[in-house]
Amino acid sequence: MSDKLKNAKIIFVVGGPGSGKGTQCEKVVAKYGYTHLSSGDLLRAEVASGSERGKQLSAIMQKGELVPLDTVLDMIKEAMIAKADVSKGYLIDGYPREVKQGEEFEKKIGAPSLLLYIDAKSETMVKRLMKRGETSGRADDNEETIKKRLDLYYKATEPVIAFYQGRGIVRKIDSEGSVDDVFSNVAKAIDSLK
Ligand SMILES: Nc1ncnc2c1ncn2[C@@H]1O[C@H](COP(=O)(O)OP(=O)(O)O)[C@@H](O)[C@H]1O
Ligand SMILES: Nc1ncnc2c1ncn2[C@H]1C[C@H](O)[C@@H](COP(=O)(O)OP(=O)(O)O)O1
Ligand SMILES: [Mg+2]
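Remember, it's a predicted structure, so these values are computed and weren't measured experimentally. (Residues numbered from 1 in each chain as written. Chains lettered and ligands numbered in written order. Predicted model: local features only at pLDDT ≥ 70, side-chain atom pairs only at ≥ 80, totals over all residues. Heavy atoms only, no water.)

## Let's talk about the site of ligand 2
And step 1. Close contacts around ligand 2 come from 19 residues, with Lys21, Ser39, Arg44, Gln101 and Arg149 the closest.
And step 2. Measuring from an oxygen atom of ligand 2, one finds a side-chain N or O atom of Arg149 at 2.8 Å.
And step 3. Protein contacts shield 96% of the accessible area of ligand 2, which totals 550 Å² for the unbound molecule.
And step 4. Structurally, ligand 2 is housed in the largest pocket.
And step 5. When residues of the shell around ligand 2 are assigned to their parent elements, the largest contribution, four residues, is made by helix α2 (residues 39-48). (Near = heavy atom within 4 Å. Polar contact = N/O pair within 3.5 Å; in protein donor to acceptor, adjacent residues only side chain to side chain. Areas by Shrake-Rupley, 256 points an atom, 1.4 Å probe, with all protein chains shown as cover. 1 Å grid on protein atoms, 1.4 Å probe; cavity = no way out; pocket = protein on both sides within 12 Å on 5 of 7 lines; lining within 4 Å. Sits in = over half its atoms within 2 Å of the grid points. Helix = DSSP H or I, 4+ residues; strand = E, 2+ residues; numbered from the N terminus.)

And the structure:
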């Protein structure tokens with residue numbers, strides 16, 4: 001099937017909303033040249049396109065819920081294939097958000113070699129998201145939706161970490177410190193891959 005992605009290096013970046021996944025991924029891109037694919041960014045691009053599908057996605061995201069698995073997996077796969085000839089590796093940010101998403105990804109694309117678990121306290125995440133909401137223009141950066149996203153994170157996404165811990169590929173990154181301090185630990189985890 002996706003022969004183009006057969007030998008791709010894949011890193012899952014998992015953590016609660018506002019934990020700093022996107023921030024760290026940008027720094028990884030700058031230092032390692034990996035391809036950063038954020039499921040949330042891909043979905044927001046679809047919403048911005050004004051398509052009928054985008055309208056349905058927007059309503060789900062505004063409520064802090066998960067969009068259908070097939071939609072997000074197809075978008076990620078398409079974006080990965082588009083970069084396959086030039087990519088040194090992929091940072092898959094915001095996916096998997098439930099164990100089933102991880103299983104389907106592996107069936108359709110391939111296995112990750114590392115899972116970066118970006119870990120911050122829930123108070124820290126709420127504080128960062130409320131601040132981000134002042135300028136992000138994101139419909140889900142408001143108090144009510146943030147609470148729902150956090151609940152869903154603990155319920156659906158934390159089990160993903162336990163699932164991959166069983167395989168020994170999880171590196172937990174304390175994300176309470178400064179962006180640069182967090183990144184120094186992210187870089188160590190990536191360097192350990194080589
Ligand atoms: N280590 C950090 N210290 C302080 N603020 C941070 C840190 N990491 C990220 N932020 C801020 O927190 C907010 C959420 O970060 P972001 O990378 O968008 O998280 P996520 O993609 O996990 O939702 C952003 O406004 C970002 O600037
Ligand atoms: N893998 C996925 N499965 C289902 N829905 C997803 C998804 N990734 C993102 N979404 C939807 C639901 C999320 O609440 C919303 C925003 O996601 P995001 O941008 O990854 O958030 P954040 O970076 O703040 O953690 O998009
Ligand atoms: Mg993000």
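## Thoughts on the packing of helix α5 (residues 99-108) against helix α7 (residues 143-165)
And step 1. Following both chains from N to C, one finds α5 and α7 inclined at 50°, their axes separated by 8 Å at the closest point. What the angle tells us is that α5 and α7 run oblique. Contacts between α5 and α7 involve Val99, Gly102, Glu103 and Glu106 from the first element and Ala156, Pro159, Val160, Phe163 and Tyr164 from the second.
And step 2. Split by residue class, the contact of α5 with α7 holds six nonpolar, one polar and two charged. (Axes fitted to C-alpha atoms, helices over the stretch in contact; angles between N-to-C directions. Parallel < 35°, antiparallel > 145°, perpendicular 65-115°, else oblique. Contact = heavy atoms within 4.5 Å. Nonpolar A, V, L, I, M, F, W, Y, C, P; charged D, E, K, R; others polar.)

## Focus: the UniProt feature "binding site: ATP" (unreviewed entry) in the protein chain
And step 1. Under the feature "binding site: ATP" (unreviewed entry), the UniProt entry names Gly18, Ser19, Gly20, Lys21, Gly22, Thr23, Arg132 and Gly177. Considered against the largest pocket, the annotated residues that line it turn out to be Gly18, Ser19, Gly20, Lys21, Gly22, Thr23, Arg132 and Gly177.
And step 2. When you line up the elements, Gly20 lands in the loop between β1 (10-15) and α1 (21-32).
And step 3. Given the relative accessible area of 17%, Gly20 is considered buried.
And step 4. If we skip the residues at most four places from it in the chain, Gly20 touches Ile118 and Arg128.
And step 5. Its place among the elements puts Lys21 in helix α1. (UniProt positions renumbered as here; feature names shortened; annotations may be inferred. Buried < 20%, exposed > 50% of the residue type's maximum accessible area, 1.4 Å probe, protein only.)

## Here's the deal with the layout of surface pockets
And step 1. In this model, the largest pocket occupies a volume close to 910 Å³.
And step 2. Together, 47 residues line the largest pocket, and Pro17, Lys21, Arg97, Arg138 and Arg149 are the ones closest to its centre.
And step 3. Breaking the lining of the largest pocket down by element, the ones donating at least two residues are β1, α1, β2 (35-38), α2, α6 (122-136), α7 and α8 (179-191).
And step 4. Residue composition of the lining of the largest pocket, grouped by class: 16 nonpolar, 19 polar and twelve charged.
And step 5. Taken as a whole, the second largest pocket holds about 180 Å³ of empty space.
And step 6. Along its surface, the second largest pocket is lined by Arg44, Val47, Ser58, Met61, Gln62, Ser136, Gly137, Arg138, Ala139 and Asp140.
And step 7. Counting only elements with at least two residues in the lining of the second largest pocket, the list comes to α2 and α3 (52-62).
And step 8. The greatest single-element share of the lining of the second largest pocket, amounting to three residues, is contributed by α3. (Points joined across faces, edges and corners; volume = space filled by probe spheres on them.)

## What to know about α6
And step 1. Between the first and last C-alpha of α6 there are 20 Å, a value that for 15 residues agrees with the 21 Å anticipated at 1.5 Å per step.
And step 2. On its buried side, α6 packs onto α7.
And step 3. Just downstream of α6, Gly137 is the residue with a positive phi angle, here 70°. (Expected span 1.5 Å × (residues − 1).)

## Some details on the site of ligand 1
And step 1. In the neighbourhood of ligand 1, 14 residues make up the surrounding shell, with Gly18, Lys21, Thr23, Arg132 and Gly177 lying closest.
And step 2. The contact in question runs from an oxygen atom of ligand 1 to an N or O atom on the side chain of Thr23, over 2.6 Å.
And step 3. A majority-of-atoms criterion places ligand 1 in the largest pocket.
And step 4. Within the residue set of the shell around ligand 1, elements represented by two or more residues are α1, α6 and α8.
And step 5. In terms of residue count, α1 provides more of the shell around ligand 1 than any other element does, three residues in total.
And step 6. Tallied by class, the residues present in the shell around ligand 1 amount to three nonpolar, eight polar and three charged.

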